[in-house]
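# Structural description and commentary
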Amino acid sequence: MSLNEHTAQNAAIAWLKSLGYNHIPGNALERDLKKVVLENELKNFLKTTYPNIPETARNEAFAQFTQHEGMEVAYRNQDFHRKLTQGIDIAWKDAEGNEKAKHLYPIDYKHPENNSFIVSDEVSIVGKNSRRTDLIIFINGLPLIVFEFKNPFDSTVGVENAHRQLHNYVLDIPQLFDYNAICIASDGLEALHGMYSSALEWFAPWKSLDGDDTEQKAELQLETLLHGLFPKKTLLDYLQHFIFHEDHNGKIIKKGAKYHQYWGISRAVESSLENIKPNGDGRLGVIWHTQGSGKSISMAILTGILRQRPELKNPTIVIQVDRSDLDQQLHDNFVLAKDLVGDVQHAESTDDLRRLLSSDGGGVIFTTIEKFRLKDLENGKETQHPILSERYNLIVMADEAHRTQYGFESGGFAQNIRRALPNASFIGFTGTPVDGKDADTEQVFGPTIHTYDIKQAVEDGATVPIYYEPKMVPLNIKAKYTQELEEVEEQAEDTTVGVWAAVEDAAGSEDRVKTVAEDILTHFKERTKTLDGKAMVVCMSRRNCVKMYDALTAIDDCPEIAVIMTSSPGKDPVSWNTHMRTKDAMEAVKSRFKNPEDPLKMVIVRDMWLTGFDAPCAHTMYVDKIMKGHNLMQAIARVNRVFEGKPNGLVVDFIGISGFLAEATKKYTGSGGAGKPTLDLDAAVELCLEQLSIVKSLLGGFELDVINEMPATEKMKWTTSVLNGLLKDDATTEGYLKEERKLSELMAMTNSDERIWEIQEDVAIIQKFREQIRKIKYPPGAQRTKNDRIKDLISKSLESQAIVDLAAMYNLDKIDISIVDDSFQAIVKDKGGENIKIELLRRIINDELKVRMSKNIKKGRKLKDELEKVLGKYHKNSLDSIAAIKHLLDIANEMKADDKRTKELGLTEDELAFYDLLSANSAILNEAGPVQDLVHTVVASVKKNLQLDWTKKENARAAIRLAVKKELRGKVPFSELDKLLKEVIEQAEGQYKDWPMLGA
């Protein structure tokens, strides 16, 4: 059929051609198959772009661009990427012996039209193994983008298979990935871009053509990706500025921006150049990207771009945060991205900050806002902050642009910054809505230039949704404190001593802490039965953190827990000593908690780790602390990070923050964002129960008690009957699997709720039918990685509910055509379960046909046609099940007969097709002796002349035709020779097309 993976591949080529790319088929490229660079293209570019440097210098540049340092692909790729984006220096001596030098790039980034863009399909590469890639984009001969497609019309493969194949290419043809910048995995519907070394969850769609509107339709993903990212100017911009490598203690991690980061940063660059002082008012704008969507990466990329802009004349970028822990984490992220941002300096003190800002050189300086304090001098405190620099090319980038940025009263930090740097310009980044009650954000930073809200982040898979579960354990406090609590300001926790102390005491009462601890542990154990991960517990005070630790660890089977808090050895009780840590020890605990395999499963915190801390494997937060507004939004976002198999984050509320969440939601939507910070767990439970009813109805309904009481024979009959109905036709089967998957995902979200515990046995039975269907209908294959770790409840099903596993009964994992013997035939001929048996036979025959088709095209086509004819008639009810089974067994038996015949004739497996072909023409053969002798010589002559891509090379095909013709000449009448020769070549093309990749 013409509807296959080439459909998507050819559509991609057509779209790229419309963007001005030149299409050249892989077999028409001028290259050595072991090399991946189109050398003439690169040499021509260097000669055209740099005509005034001598050829020897250009040859040296060519060598540098094609030879990379490093024993591993990761290091070679990093080395090449630096040269690709930063260029290289070439030196030579002119005729007079004078030293000359030039900085060269392999791409003209300023003038896209000056570059060669070639898209090439079916590109064969010989490496550790020989492989043929679906599509490669060469820019100036450099293979920078690799596409892998899967058939959009095949339900058994998807983007995960394309992604896996890309990872295999890295092992088989590593030289291609020395140069690779972007990989695309697509099945025609989904189209995801990512880095060659990234796991599937880090591949993402590109959903916007210009940064304003997003395209949500899945069927348009490939088109949107190509028209959004691959216009030449956009692609070159992305290649130069939006890809970088991080070195994690010798492990190189490559990262690339997602579409919201690309468009947000691009807008920020435009706004910066327009509004920077003295030409503008210095208010560069606000980027509001929801927490967890890569804000620190966006800041690093923007910093790198601004530092390279020639009109800014080597600017200084001041990264300013309001907390020391945020300062450290963001600083560490920038250091990792040094290929982008260059060297990073860290202000360790107020004096250090003043020294750094007083220098004229550019660079990146990290500081907390409080280092812009007024100093105590010998003759008293400073009355105002001194001017540190009057440079205009100084940009302050504020992380979390909210209330601490608005201290414009005399001596306030925001005022001090502006006195210190009177000509600086300001840009704000935030992951939460800015509270406009006390200050107008636009007056401080300028208008919001790009928004990426919760709703879009969840739809894109950039973050996971957060569910909210109320488990209020009342506080025993006086009514007056309740009123005061409502009036506590977001930043005033420590200064409102009276109410805060009362709430802390009430929350930390012995009985209450014990109740909360028991509930937390019960809840966590239930949640982690079906969803691996970790949890954070948030308490009102350090004292309450220690109390919670003692209460939890006193319970049997408590997992390993750590308290994360600041300490003061001179003031804190000796009993807290076990929770005191040095800076290095704290970093070690942080690493342990981030590691999903480490036994440290839970941490108890007050303030630390509630902002700027990412542990993607953390999926649950237990809240026993009053939090409001920005602080609350920051805290709950700790559980929204993407992690393999994590469908959602969950916030469990023990103290009553629902009203504050509602207020936060109002702020969020009132500021122009879409989506809610949390979703109601009650609503999710209702959805789960409704979904259970839907799926049970697809099974014809069942009652657990009734199944419990069934004898084994009745249970088997019921199971067979239900399974038979589910396999009635493809639409019924697919419908069931889709609804069952919804149910399983809802179970993973809600299984900590007691209302869900009552239905776990029902769901376990439902999941058993899913497993049977997949075993019978589909060969074992990869499901999407993100679904693999959503654990099933099958193991929870009691022995009395065990369902007969037909697939196991038929030994389906091992079954193949060779054992469709008398005993198997006897099983499938028995009355009952005809749909199941037909599916079993269809799968066996289909699998076998895939193997045999290339070896005997005519026979394979004939049997495939027969198979489709039988199944078509059966599904249209024009053929009864018994007759269909008989026809399918006849097809299987015909294959078995071929195996037997091959052995008896003394032929190899791939010679039988040629034997059938020549035997069919035995009347015209003038050959003494058995036909097998001629078959041996014909096949040998074909194999002797095979070469890579021979079907696409006319000279190679001609050589095989000539060799076969020599063997047949004199044995076949001249008038029949061309006809027979054509049939032999057609069979050879089908059988040996991919030589030598299939080991032929």
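See the structure printed just above.
Residues numbered from 1 in each chain as written. Predicted model: local features only at pLDDT ≥ 70, side-chain atom pairs only at ≥ 80, totals over all residues. Heavy atoms only, no water.

## Points about the packing of aromatic side chains
Under the defined criterion, the tally for this structure stands at 20 aromatic pairs. An angle of 90° between the planes, with centres 6.1 Å apart, marks the rings of Tyr259 and Tyr452 as edge-to-face. One end of the pair, Tyr259, is in helix 9 (residues 259-275); the other, Tyr452, is in strand 19 (residues 448-452), and 193 residues separate them in sequence. Considered together, Tyr259 and Tyr452 belong to a single accessibility category, that of buried residues. The ring of Phe62 carries Lys43 above its face, with NZ or CZ at 4.9 Å from the centroid. Over the face of the ring belonging to Phe702 we find Lys696, whose NZ or CZ atom lies 4.8 Å from the ring centre. (Phe/Tyr/Trp six-rings, centres within 6.5 Å; stacked < 30°, edge-to-face > 60°. Helix = DSSP H or I, 4+ residues; strand = E, 2+ residues; numbered from the N terminus. Buried < 20%, exposed > 50% of the residue type's maximum accessible area, 1.4 Å probe, protein only. Lys NZ or Arg CZ within 6 Å of the ring centre and 35° of its normal.)

## As for the sheet that holds strand 23 (residues 600-605)
Strand order in the open sheet formed by seven strands is 22-23-21-24-25-20-26, and the pairing between neighbours is parallel. Of all strands in the sheet, those bounded by a partner on one side alone are strand 22 (560-564) and strand 26 (679-680). When strand 21 (residues 534-539) meets strand 24 (residues 618-624), the two strands line up parallel, connected through six bridges. Residue pairing in the sheet places Val537 in a bridge with Tyr622 of strand 24. The strands touched by helix 19 (residues 510-530) within the sheet are strand 20 (466-470), strand 21, strand 23, strand 24 and strand 25 (649-653), with strand 24 carrying the most contacts at an inclination of about 165°. Each of strand 21, strand 22, strand 23 and strand 24 touches helix 20 (residues 542-553); the most contacted strand, strand 23, lies at about 150° to it. (Pairing = 2+ DSSP bridges. Contact = heavy atoms within 4.5 Å. Axes fitted to C-alpha atoms, helices over the stretch in contact; angles between N-to-C directions.)

## Notes on the sheet that holds strand 4 (residues 117-126)
The six strands lie next to each other as 1-4-5-6-7-8, forming an open sheet whose pairing is mixed. Edge strands, defined here as strands with exactly one partner in the open sheet, are strand 1 (22-23) and strand 8 (191-194). Pairing geometry for strand 1 and strand 4, over two bridges, is parallel. Looking across to strand 4, one finds that His23 is bridged to Val119.

## Considering the packing of helix 24 (residues 681-698) against helix 27 (residues 730-750)
Axis separation between helix 24 and helix 27 bottoms out at 9 Å; the angle between their running directions is 150°. Taken together, the axis directions place helix 24 and helix 27 in an arrangement best described as roughly antiparallel. Here helix 24 and helix 27 pass one another in a crossing that is left-handed. From helix 24, Leu681, Ala684, Val685, Leu687, Cys688, Gln691, Leu692, Ile694, Val695 and Leu698 reach across to helix 27, where they touch Gly735, Tyr736, Glu739, Glu740, Lys742, Leu743, Leu746, Met747, Met749 and Thr750. When the residues that make up the contact of helix 24 with helix 27 are grouped by side-chain class, the tally is 14 nonpolar, three polar and three charged. (Parallel < 35°, antiparallel > 145°, perpendicular 65-115°, else oblique. Left-handed = near helix turned anticlockwise from the far one by under 90°. Nonpolar A, V, L, I, M, F, W, Y, C, P; charged D, E, K, R; others polar.)

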